[in-house]
Amino acid sequence: MRTINVELEQRQERSYPIYIERGILDEVGPGLGRLGLKGRCALVTNPLVRSICGERVIKSLEGAGFDVLTVEVKDGEQYKILAEASMIYDRLIEEKLERSTPIVALGGGVIGDITGFVAATYLRGVPYVQVPTTLLAQVDSSVGGKTGVNHPRGKNLIGAFYQPRAVFIDPDVLKTLDKSELRAGLAEVVKYGVIWDEGFFRFLEENTQGLSAVEDALVRAIERSCEIKAHVVKEDETEKGLRSILNFGHTFAHAIEAVTGYTRYKHGEAVSMGMVLAASFSARLGVCEETVADRIENLLKTLGLPVEAPELRYEAILGAMLVDKKVLSGRMRFVLAKKIGDVVLRDVQREEVEAFLRKAAR
Ligand SMILES: NC(=O)c1ccc[n+]([C@@H]2O[C@H](COP(=O)([O-])OP(=O)(O)OC[C@H]3O[C@@H](n4cnc5c(N)ncnc54)[C@H](O)[C@@H]3O)[C@@H](O)[C@H]2O)c1
């Protein structure tokens, strides 16, 4: 089993392990026991994930002596809302769950985010663990303690930083995942190579086949992604500085998602297109060579991810970016690529963004 520790500085009691192992779903119960948790626990999942692997996790928890309350949230991003969080609170209150009772989040990023938010706020905070079942959740959302729900006016507007007690990652659970969901998760994996580790990026370039299914290369990619995210979160838990490098490509991606009503593209697909734009913007500003942008685009393309949204007009993207981003004294902040494995935060004049977009997206 691979263990990666998320060490939160000066707050040792909140540091936690990420366990990565094929088949670890059957070990969640004993794992919780080793964390000193016992008695009752709540399992939050959705009907689809429950039908795929819920009973295995329940069996493991019951086998370790837990009395399990299972709560199902409807499947889909549209249910990552306060009304569903409230439904979970109702169940926890009805069942008189106490402050020491852990909550297990079993599912993708939607389940992880809403469950983490409920755990952060129910009785002012109860322990929770993440058992992520999509690639995006395994390499990104389950690690780092960002929890929350959407608001009609925007995504993730309500939330809290609240770290889990542990993360249990079973790569085998991805075997049932839709291929398009797997590809979307790979966009975030590529991002870690771009922002942090050229060697890892090269590994991805050399193993594109092995990343399209649950093979050793994918398991290695999950491990390295978690290591990098753990490291960044350790340095800057609440995104005051370094953590914002995790947003490489995301300014453009959020704009693409907003313009297309959050329905046309999966988040990872938008991130893929956003990274291509961010990389070519970096090249245009002279921050990196054109070859850097080409390499990023080629890898994403080979992985089957979209690299451009030809139907989008630049005015719409710019408009969405201006809603999303603070413009201070006419400048906007971007994560730009210097080379593969190294990025920099830079304030850019709004006119430069506009000129770039006018050329890139007609
Ligand atoms: N907290 C963070 O740091 C962070 C980071 C990135 C994204 N997010 C959030 O994550 C969410 C997206 O997460 P997601 O991409 O995992 O989407 P998701 O949770 O909606 O899962 C995608 C689909 O896959 C299904 N599914 C889950 N596991 C499966 C499995 N093993 N086999 C088959 N189907 C399975 C789900 O039921 C769902 O239908 C967004 O709400 C986003 O805001 C949070």
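Right above here is the structure, for reference.
Residues numbered from 1 in each chain as written. Predicted model: local features only at pLDDT ≥ 70, side-chain atom pairs only at ≥ 80, totals over all residues. Heavy atoms only, no water.

Peer 1: Got a sec to walk through the overall build of the chain? Specific residues and values, please.
Peer 2: The number of helices and strands found in the chain is 13 helices and eleven strands. Its C-alpha radius of gyration of 20 Å places the chain within 12% of the 21 Å reference for a compact globule of 362 residues. C-alpha extents for the chain along the principal axes are approximately 60 × 40 × 40 Å. Among the 362 residues that make up the chain, the fraction classed as buried is 56%. A separation of at least 24 residues holds for 74% of the contacts in the chain among residues at least 6 apart in sequence. (Helix = DSSP H or I, 4+ residues; strand = E, 2+ residues; numbered from the N terminus. Rg over C-alpha atoms; globule rule 2.2 N^0.38 Å. Buried < 20%, exposed > 50% of the residue type's maximum accessible area, 1.4 Å probe, protein only. Contact = heavy atoms within 4.5 Å.)

Peer 1: Break down the site of the ligand for me, with residues and values.
Peer 2: Lining the immediate environment of the ligand, one finds 24 residues, of which Glu77, Gly109, Thr133, Thr134 and Thr176 sit closest. In the environment of the ligand, an oxygen atom lies 2.9 Å from a nitrogen or oxygen atom belonging to the side chain of Lys80. Here Lys146 contributes a backbone N or O atom positioned 2.8 Å from a nitrogen atom of the ligand. Coverage of the ligand by the protein amounts to 86% of the 860 Å² it exposes when considered alone. For the shell around the ligand, the secondary-structure elements that each account for two or more residues are helix H2 (47–63), helix H4 (109–121), helix H5 (135–141) and strand S8 (154–161). Taken together, the residues of the shell around the ligand sort by class into seven nonpolar, eight polar and nine charged. (Near = heavy atom within 4 Å. Polar contact = N/O pair within 3.5 Å; in protein donor to acceptor, adjacent residues only side chain to side chain. Areas by Shrake-Rupley, 256 points an atom, 1.4 Å probe, with all protein chains shown as cover. Nonpolar A, V, L, I, M, F, W, Y, C, P; charged D, E, K, R; others polar.)

Peer 1: Pulling in residues and values, what's your account of helix H9 (residues 250–259)?
Peer 2: Burial runs high along H9: seven of the ten residues are buried. Turning to H9, its buried residues number three or more, namely His250, Thr251, Phe252, Ala253, Ala255, Ile256 and Glu257. Contacts made by the buried residues of H9 are with S8, helix H6 (179–196), helix H10 (267–284), helix H12 (314–324), strand S10 (331–339) and helix H13 (350–360). Immediately beyond the C-terminal end of H9, within one or two residues, lies Gly261, with a positive phi of roughly 70 degrees.

Peer 1: So what's going on with H6? Residues and values would help.
Peer 2: The first and last C-alpha atoms of H6 sit 26 Å apart over 18 residues, in line with the 26 Å expected at 1.5 Å per residue. Burial of H6 is extensive: 14 of the 18 residues sit out of reach of the surface. (Expected span 1.5 Å × (residues − 1).)

Peer 1: Could you give an account of the pattern of salt bridges, with specific residues and numbers?
Peer 2: Evaluation of the coordinates by the stated rule reveals 33 salt bridges. Residue Glu239 pairs with Lys146 through a salt bridge whose shortest N-O separation is 2.6 Å. Of this pair, Glu239 sits in the loop between helix H8 (216–235) and H9 while Lys146 sits in strand S7 (residues 146–151), and the two are 93 residues apart along the sequence. Judged by its relative accessible area of 28%, Glu239 is partly exposed. Of the residues examined, Lys146 reaches a relative accessible area of 38% and is grouped as partly exposed. The partner of Glu315 in a salt bridge is Arg313, with the nearest N and O atoms 3.6 Å apart. The network of salt bridges with shared partners includes Arg2, Asp197, Arg220, Glu223, Arg224 and Glu227. (Salt bridge = Lys/Arg side-chain N within 4 Å of Asp/Glu carboxyl O.)

All we've got here are geometric facts, nothing functional implied.
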